[in-house]
Number of protein chains: 2
Amino acid sequence: MNELDVIDRLKWRYATKLFDGDKKIPAEIWDKVEESLVLTPSSFGLQPWKFIVITDQAVKDKLLEHSWNQVQVTGCSHLVVLTALKNVDGSDVDKFISDTHAKRGGELISLDPYKGMMNGFLERMTSEQKHAWARNQVYIALGQLMTTAAMLELDACPMEGITPAKYDEILGLENGRYTTVLACPLGYRSEDDKYGELPKVRYGKEDIIEHI
Amino acid sequence: MNELDVIDRLKWRYATKLFDGDKKIPAEIWDKVEESLVLTPSSFGLQPWKFIVITDQAVKDKLLEHSWNQVQVTGCSHLVVLTALKNVDGSDVDKFISDTHAKRGGELISLDPYKGMMNGFLERMTSEQKHAWARNQVYIALGQLMTTAAMLELDACPMEGITPAKYDEILGLENGRYTTVLACPLGYRSEDDKYGELPKVRYGKEDIIEHI
């Protein structure tokens, strides 16, 4: 890969409005998408998320009306629902510290300062702030997901326009620890999607980048 | 680029704690980073952000104490400060519609439904909700920035741990329309950064991905 490829791919991507319903993402490519989700960076490394990958057509069909009837939800190959922890707490810090110790070895006690810093960070926030923080991390995951998809020549459509409460109901999340934040259908663009041909609308560097 | 490269690069990246202060990102590579920032997707395409690129050492030095004294801020090649609109309003929708028309042509009136939808979306939100929404978009930009950096073999360190009000003061943003959300130093890792050698800590697919 050279640096030109990266920008070319980012120019090639667009928020796909119509997928080719006959084209499914091959398993070995999809596996890369999931690896990328797993590798997403997060604040402190806490990964306050779960990702639900939906290929069951009946479930996608049920979600359509709770997605402003955007047909990407039913026509895509794989629908990813990005969820965030409702309430991050000490148990999440403990789990992360335990995983860090398992992967990196060393003395468990040496992780105490890091653990204390994370717990202190969480304790200074209200429930609402903690959830907003977890949601923010999920937007990083969306960013990495869209960029990775473009690199893999997969089409995607980031979607805020869904009804999270209905998604939670259909996906059985209501009584769990995670709640729906975003959806991202992935697959291959249909040749009939005229949006794929339109010039990209972005402000110029001179408008949005300042140098000091 | 093949799909293996993408995952290899994501595994290679890490939150760099110590940059090689002597290595600067060449202008032609930095240009790609800025192109990637410009190309970042956002909800409705509204791009409610500005990015401040700091190479002036004196300014980086001033920001250090407001960055939990994390030396990445002063040791990096380029420091990007990601800012969000404080209050998205109709003027931002107008500007975006005008740019869409300039780039895509056609009848301006044909964009009225889209304009109405965006204005309706914004009008249903409080000031706090609008700012939270704009901040969320900035996290997408952070995700794309980190992923792109990895593809370009640049090191980066996402940073929530800063004092945004002090950044605003030093960067002269106080009376403007944008406010600091995040910082991201970029450059090249120092060989002395032991974190670069540690195994990555991520939960497994079986922990964070569910299939339906």
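The rules we used
Residues numbered from 1 in each chain as written. Chains lettered and ligands numbered in written order. Predicted model: local features only at pLDDT ≥ 70, side-chain atom pairs only at ≥ 80, totals over all residues. Pairing = 2+ DSSP bridges. Helix = DSSP H or I, 4+ residues; strand = E, 2+ residues; numbered from the N terminus. Contact = placed C-beta atoms within 7 Å. Axes fitted to C-alpha atoms, helices over the stretch in contact; angles between N-to-C directions. Parallel < 35°, antiparallel > 145°, perpendicular 65-115°, else oblique. Left-handed = near helix turned anticlockwise from the far one by under 90°. Core = buried A, V, L, I, M, F, W, Y, C linked by C-beta atoms within 7 Å. Buried ≥ 20, exposed ≤ 12 C-beta atoms within 10 Å, placed from the backbone. pLDDT = per-residue confidence, 0-100. Least-squares fit on C-alpha atoms with pLDDT ≥ 70 in both. Nonpolar A, V, L, I, M, F, W, Y, C, P; charged D, E, K, R; others polar.

Right, let's get into the sheet that holds strand β3 (residues 155-156) of chain B. Spatially, β5(A)-β1(B)-β2(B)-β4(B)-β3(B) is the arrangement adopted by the five strands of the open sheet, whose pairing is mixed. Of all strands in the sheet, those bounded by a partner on one side alone are β5 (209-211) of chain A together with β3 of chain B. Both β3(B) and strand β4 (residues 178-187) of chain B contribute to a ladder of two bridges, which runs antiparallel. In the strand pairing of β4(B), A156(B) is matched with L186(B). Its contacts with the sheet put helix α7 (residues 127-151) of chain B on β1 (49-54), β2 (78-85), β3 and β4 of chain B, and the angle it makes with β2(B) is roughly 155°.

Pairing is mixed across the open sheet formed by five strands, whose spatial order is β3(A)-β4(A)-β2(A)-β1(A)-β5(B). Edge positions in the open sheet fall to β3 (155-156) of chain A together with β5 (209-211) of chain B, since each of these has one partner strand only. In this sheet, strand β4 (residues 178-187) of chain A lies alongside strand β2 (residues 78-85) of chain A in antiparallel orientation, the contact comprising eight bridges. When the bridges of β4(A) are listed, T83(A) appears paired with T180(A).

With that settled, the discussion passes to the packing of helix α7 (residues 127-151) of chain A against α7(B). Axis separation between α7(A) and α7(B) bottoms out at 7 Å; the angle between their running directions is 45°. Between α7(A) and α7(B), the interaxial angle falls into the category oblique. Crossing of α7(A) against α7(B): the hand is right-handed. Within the contact between the two elements, α7(A) uses A132(A), R135(A), N136(A), Y139(A), I140(A), A141(A), L142(A), G143(A), Q144(A), T147(A), T148(A) and M151(A) and α7(B) uses A132(B), R135(B), N136(B), Y139(B), I140(B), A141(B), L142(B), G143(B), Q144(B), T147(B), T148(B) and M151(B).

This paragraph deals with the nonpolar core. The biggest cluster of nonpolar side chains holds 96 residues, and the ones touching the most others in it are L82(A), C184(A), L82(B) and C184(B). For C184(A), the contacting residues outside a window of four places in its chain are V80(A), L82(A), L142(A), L145(A), A156(A), C157(A), P158(A) and M159(A).

Attention shifts here to the pairing of β2(B). All names here are of chain B. Counting buried positions along β2 gives eight out of eight residues, so the element sits mostly inside the fold. Here β1 pairs with β2 via six bridges, running antiparallel. Across the sheet, I52 pairs through a bridge with V81, a residue of β2.

Another point: unusual backbone geometry. Residue and element names in this part refer to chain B. The phi dihedral of F44 falls on the positive side, at around 65°, and the residue is not glycine. Classification of F44 by C-beta neighbours within 10 Å gives partly exposed; the count is 17. A positive phi is found at W68, a non-glycine position, where the angle reads about 50°. Mapped onto the fold, W68 is located in the loop between α3 (57-64) and α4 (72-75).

Bringing the confidence of the model for chain A into the picture now. Predicted confidence across chain A gives a mean pLDDT of 95, with 98% of residues reaching 70 or more. In the predicted assembly, ipTM is 0.95 and pTM is 0.95.

Let us now look at the relation of the copies chain A and chain B. Rotating chain A by 180° and translating it 0.0 Å along the rotation axis places it on chain B, where the RMSD comes to 0.0 Å. Expressed as a symmetry operation, the mapping of one chain copy onto the other fits a two-fold axis. A share of 100% of interface residues in chain A that are also interface residues in chain B marks the association as one of identical surfaces.

Below, the discussion takes up the interface of chain A and chain B. With 59 residues of chain A at the interface, the matching set in chain B holds 59 residues. Elements supplying a minimum of two residues to the side of chain A that touches chain B: α1 (3-12), α2 (27-39), β1 (49-54), α5 (90-104), α7, α9 (205-208) and β5 of chain A. Counting residues per element, the side of chain A that touches chain B draws most heavily on α7(A), at 13 residues. Here the side of chain A that touches chain B is composed, by residue class, of 32 nonpolar, eleven polar and 16 charged.

This brings us to the environment of G176(B). Residue and element names in this part refer to chain B. If you trace the backbone, G176 turns up in the loop between α8 (164-170) and β4. We classify G176 as partly exposed; it has 13 C-beta atoms within 10 Å. For the pair formed by G176 and L198, sequence separation is 22 residues and the distance between their alpha carbons is 42 Å.

Let's shift gears to the environment of K17(A). Residues and elements named next belong to chain A. On the secondary structure map, K17 appears in the loop between α1 and α2. Owing to 18 C-beta atoms within 10 Å, K17 belongs among the partly exposed residues under this scheme. The sequence separation of K17 and D193 amounts to 176 residues, and the corresponding C-alpha distance is 6.5 Å.

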